[in-house]
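# Chain and residue survey
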Amino acid sequence: MGTHIRLVLVDDHDMVRQGIRTYLLTEADIEVVGEGSSGSEAAALVQELEPDLVLMDLVMPGMDGVAATRDVLRVRPETKVLVLTSFVEDDKVLPALEAGASGYLLKTVLGDELVQGIRKVCAGETVLEPAVAAKMLAALQKPKGQESAKLDALTEREQDVLRLLAQGLTNQAIGETLYIGIKTVKTHVSNILAKLGVEDRTQAAIYALKNGLLEAEAKKE
């Protein structure tokens, strides 16, 4: 990958930041350009350093990662936010995604998976933790009224693509799973965004989770 990624770490635990920074030193395409120990520092760091990505803790004293994500994207919308958290509860993770984060990973993630997640988010992909997404489903709302009608407007294949997208799969992985080409996947994704009235893959994934699309599939099985 030829792109150089400028990254800011925001986490209230010094050891976590040190561990991540040390690991990322081995990656030639990723540079840690700044660190913050609280959510309130994030926006100022982004304004000063103009990073490509903020690796954001969710639970910190004072301003949490959700509010910090909103601040970061208000200051510099082109900066991506990837949440790295120890918490799996939907009342923490979903608000972060709705605030504009491009995905979330657990702090138990392997180093290689974190690096790939950083690269995917910077390449415009959405990174979601499938195990966490599955755990969140029990508390999510069922589709109703106009929202249900939007899902019904999707073709069966578009619903298949949306389910896989909501599980964090890339276009290539979706294509391999459904035995279709990447161009076809991109066309389906564009149609899905238009029909649901959302702007990007992250919002589409949130929509699928909130409206029980994955849960409905699980019940069929």
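Residues numbered from 1 in each chain as written. Predicted model: local features only at pLDDT ≥ 70, side-chain atom pairs only at ≥ 80, totals over all residues. Heavy atoms only, no water.

## Some details on unusual backbone geometry
Note the cut-off: Comment: elements are numbered from the N terminus, with helices defined as DSSP H or I runs of at least four residues and strands as E runs of at least two. Note on classification: 1.4 Å probe, protein chains only; a residue is buried when its accessible area is under 20% of the maximum for its type, exposed when over 50%, partly exposed between these limits.
Positive phi is not limited to glycine here, since Glu 50 has a value of about 50°. Along the polypeptide, Glu 50 turns up in the loop between helix H2 (39-49) and strand E3 (53-56). For Glu 50, a relative accessible area of 47% translates into the label partly exposed. With a phi close to 60°, Tyr 179 is a non-glycine residue in the positive phi region. Here Tyr 179 shows up in the loop between helix H9 (171-178) and helix H10 (182-196).

## Here's the deal with the pairing of strand E4 (residues 80-85)
Our working definition: Should DSSP find at least two bridges between two strands, the strands are regarded as paired.
Where burial is concerned, most of E4 is hidden: five out of the six residues are buried. With four bridges connecting them, E3 and E4 associate as parallel partners. Along E4, the bridge assignment pairs Met 56 with Val 83. In terms of strand pairing, E4 meets strand E5 (residues 104-106) through three bridges, oriented parallel. Paired with Thr 85 across the bridge in E5 is Leu 106.

## Here we look at the sheet that holds strand E2 (residues 30-36)
Where we set the bar: Geometry is summarised by axes, namely lines fitted to C-alpha atoms with helices restricted to the contacting stretch, and by angles between N-to-C directions that run from 0 to 180 degrees. The contact rule is simple, with two residues in contact once any of their heavy atoms fall within 4.5 Å.
Ordered in space as E2-E1-E3-E4-E5, the five strands form an open sheet in which the pairing is parallel. In this open sheet, the two edge strands, each paired with only one partner strand, are E2 and E5. Recorded for the sheet is a direction-independent mean angle of 25° between the axes of neighbouring strands. As judged from the four bridges shared by strand E1 (residues 5-10) and E3, these two strands associate in the parallel manner. Considered in E3, the bridge of Val 10 is made with Met 56. The strands touched by helix H1 (residues 14-24) within the sheet are E1, E2, E3 and E4, with E2 carrying the most contacts at an inclination of about 165°. Against the sheet, H2 makes contact with E1, E2 and E3, and its axis sits at roughly 135° relative to E2, the strand it touches most.

## Notes on the pairing of E3
For clarity, the threshold we go by: When the strands point away from the viewer and the connection leading from the first strand across the helix to the second strand turns clockwise, the crossover is called right-handed.
Both faces of E3 are covered, namely the face carrying Leu 53 and Leu 55 and the face carrying Val 54 and Met 56. Regarding the hand of the β-α-β motif, the stretch spanning E3, helix H3 (residues 65-75) and E4 is right-handed.

## Thoughts on empty space enclosed by the protein
It is a probe the size of a water molecule, rolled over the atoms, that shows where empty space is left. The condition that has to hold: In this analysis a 1.4 Å probe is tested at points of a 1 Å grid over the protein atoms alone, and where it fits but cannot get out there is a cavity; an open set with protein on both sides within 12 Å along at least five of seven lines is a pocket; lining residues have an atom within 4 Å of a point. Grid points are joined across faces, edges and corners, and a volume is the space filled by probe spheres set on the points. Each residue gets one of three labels, nonpolar for Ala, Val, Leu, Ile, Met, Phe, Trp, Tyr, Cys and Pro, charged for Asp, Glu, Lys and Arg, and polar for the others, Gly among them.
Under the definition given, this model contains one cavity of 30 Å³ or more. In this model, the largest cavity occupies a volume close to 40 Å³. Surrounding the largest cavity, Leu 9, Val 10, Asp 11, Val 16, Ile 20, Leu 55, Met 56, Asp 57 and Leu 84 form its lining. Every element with two or more residues in the lining of the largest cavity is listed here: E1, H1 and E3. The residue makeup of the lining of the largest cavity, split by class, is seven nonpolar, no polar and two charged.

## Considering the confidence of the model for the chain
Heads up, the rule is: For every residue, the predictor states its confidence as a pLDDT score lying anywhere from 0 to 100.
Predicted confidence across the chain gives a mean pLDDT of 85, with 85% of residues reaching 70 or more. Element-level pLDDT for the chain is lowest in helix H12 (residues 213-220), with a mean of 54, against a maximum mean of 97 in E1.

## A look at the side chain of Thr 170
Examined against the element boundaries, Thr 170 turns out to sit in the loop between helix H8 (156-166) and H9. If sequence neighbours within four positions are ignored, Thr 170 has contacts with Lys 120, Glu 125 and Arg 201.

## Structural notes on helix H11 (residues 201-210)
Heads up, the rule is: Counting of polar contacts relies on pairs of N or O atoms within 3.5 Å, with two restrictions inside protein: one atom must be capable of donating a hydrogen and the other of accepting it, and residues adjacent in sequence are counted only when both atoms are side-chain atoms.
The element H11 is extensively covered by neighbouring structure, given that eight of its 10 residues are classed as buried. N-cap assignment for H11: the residue whose side-chain oxygen lies 3.2 Å from the backbone N of Thr 202 is Asp 200. Phi turns positive, to about 70°, at Gly 212, one or two residues after H11.

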